[in-house]
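Residues per chain, in single letters:
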Amino acid sequence: MPCRLRLKVMAGPDLVKTLLYTVNNLLQQEKYKAALAVLKGFRNGVVYGAKIRAPHALVMTFLFRSGSLKDKLKAILKATYTHSRNLASFVFTYKGLQVLQQKIQGKSLQSHSFLAACVGGWLVFGDNNSINSQINMYLLSRILFALSRLAVEKGVIPQPKHDPFPLFATLVWGIVLWLFEYYPHTLQPSLQSSMTYLYHDSNVWHDITDFLVYNKPRTAA
């Protein structure tokens, strides 16, 4: 083997080792920790968004969406990309603004989290589309629960003598089915589709095939 070629082959692994050492050393530098945390937050947003949206989009698309296989796959990829991109952008914005406020004021305050999230929510999740709508409504239900618990902890409302969950379930299901039956346009499209399948499609059949095997009679090709 010529000397020059041998040096190139030997230099390859050494170059990779040097590069890895340099990167790992950089990651250990305390002065870069805040900026690196923002970048890793973006990375985690991409991964988590894809993990959450891809299975959901896969199931909902093949259950309720019509069209060719190609169209369905495009819809799944688009939904996954949008969710992943939005979540990553929000994490990047939120963590970046937190760092900025802490640098300006020299300390961490509860208001920093609230303000940073407000700006991120407006910039990233303020666009009224199906993905953002689902995410925002998911969070709304969680924060209502959390605020109720916090109000009890802070003594704003008294500790309930009985478990309020049965009453909560009663009102949630009563209201959502009332809305579905009489004002379905007010509900999110995916929820409308799910409820139509459960409560309206189950009222119609013609024979054993669309009673047990298929939801609706199969049309001739």
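Everything here concerns the structure above.
In this text the structure is predicted, and so the values were computed from the model without any measurement. (Residues numbered from 1 in each chain as written. Predicted model: local features only at pLDDT ≥ 70, side-chain atom pairs only at ≥ 80, totals over all residues. Heavy atoms only, no water.)

Caption draft 1: Focus on the overall build of the protein. A tally of helices and strands in the protein yields 8 helices and 0 strands. Listing each helix as α and each strand as β along the protein from the N terminus yields α-α-α-α-α-α-α-α. Taken over the C-alpha atoms alone, the protein extends approximately 80 × 65 × 30 Å along its principal axes. Per-residue burial for the protein yields a buried fraction of 19% across its 221 residues. Between the centroid of the 25 positive side chains of the protein and the centroid of its 10 negative side chains there is a distance of 17 Å. (Helix = DSSP H or I, 4+ residues; strand = E, 2+ residues; numbered from the N terminus. Buried < 20%, exposed > 50% of the residue type's maximum accessible area, 1.4 Å probe, protein only. Lys, Arg positive; Asp, Glu negative; His and termini not counted. Charge placed at Lys NZ, Arg CZ, Asp CG, Glu CD.)

Caption draft 2: Structural detail: the packing of helix H3 (residues 69–105) against helix H5 (residues 130–153). Closest axis-to-axis distance for the H3/H5 pair is 10 Å, and the angle between their directions is 55 degrees. Classified by the interaxial angle, the pair formed by H3 and H5 is oblique. The two elements H3 and H5 meet at a crossing, and its hand is right-handed. On H5, the residues that touch Ala79, Thr82, His83 and Asn86 of H3 are Ile131, Asn132 and Ile135. (Axes fitted to C-alpha atoms, helices over the stretch in contact; angles between N-to-C directions. Parallel < 35°, antiparallel > 145°, perpendicular 65-115°, else oblique. Left-handed = near helix turned anticlockwise from the far one by under 90°. Contact = heavy atoms within 4.5 Å.)

Caption draft 3: Geometry of the side chain of asparagine 86. With respect to the helices, strands and loops of the structure, asparagine 86 is situated in helix H3. At 3.1 Å, the side chain of asparagine 86 forms a polar contact with the side chain of arginine 85. With sequence-adjacent residues up to four places away left out, asparagine 86 is seen in contact with Val124, Phe125 and Asn132. (Polar contact = N/O pair within 3.5 Å; in protein donor to acceptor, adjacent residues only side chain to side chain.)

Caption draft 4: Up close: the layout of surface pockets. Considered as a void within the structure, the second largest pocket measures approximately 510 Å³ in volume. As for the second largest pocket, its lining consists of 19 residues, of which Thr61, Arg65, Ala79, Ser130 and Gln134 are closest to the centre. Broken down by element, the lining of the second largest pocket gets its largest block of residues, 6 residues, from helix H2 (residues 33–64). Looking at side-chain class alone, the lining of the second largest pocket contains 7 nonpolar, 9 polar and 3 charged residues. (1 Å grid on protein atoms, 1.4 Å probe; cavity = no way out; pocket = protein on both sides within 12 Å on 5 of 7 lines; lining within 4 Å. Points joined across faces, edges and corners; volume = space filled by probe spheres on them. Nonpolar A, V, L, I, M, F, W, Y, C, P; charged D, E, K, R; others polar.)

Caption draft 5: Geometry of the packing of aromatic side chains. Throughout the structure, instances matching the rule amount to 8 aromatic pairs. When the ring of phenylalanine 42 is compared with that of phenylalanine 92, the centres are 6.1 Å apart and the planes differ by 85 degrees; the resulting orientation is edge-to-face. Here the residue phenylalanine 42 occupies a position in helix H2, and phenylalanine 92 occupies one in helix H3, the gap between them amounting to 50 residues. On the basis of relative accessible area, phenylalanine 42 is assigned to the partly exposed category, the value being 37%. Taking the centre distance of 5.4 Å and the plane angle of 70 degrees together, the rings of tryptophan 178 and tyrosine 183 count as edge-to-face. Tyrosine 183 sits in the partly exposed class, given a relative accessible area of 39%. Among the aromatic residues, ring-to-ring pairing joins Phe90, Tyr94 and Phe125 into one connected group. (Phe/Tyr/Trp six-rings, centres within 6.5 Å; stacked < 30°, edge-to-face > 60°.)

Caption draft 6: Structural detail: helix H6 (residues 165–182). Here H6 is 18 residues long and its end C-alpha atoms lie 26 Å apart, about the 26 Å a rise of 1.5 Å per residue gives. Along H6, the residues that are buried comprise Val176, Leu177 and Phe180. The arc that holds the buried residues of H6, viewed along the axis, is 95 degrees, so those residues lie on one side. Counted as exposed and oriented over 90 degrees from the buried face of H6: Leu167, Thr170 and Tyr182. Where H6 is buried, its residues touch helix H7 (189–200). (Expected span 1.5 Å × (residues − 1). Arc of directions from axis to C-beta.)

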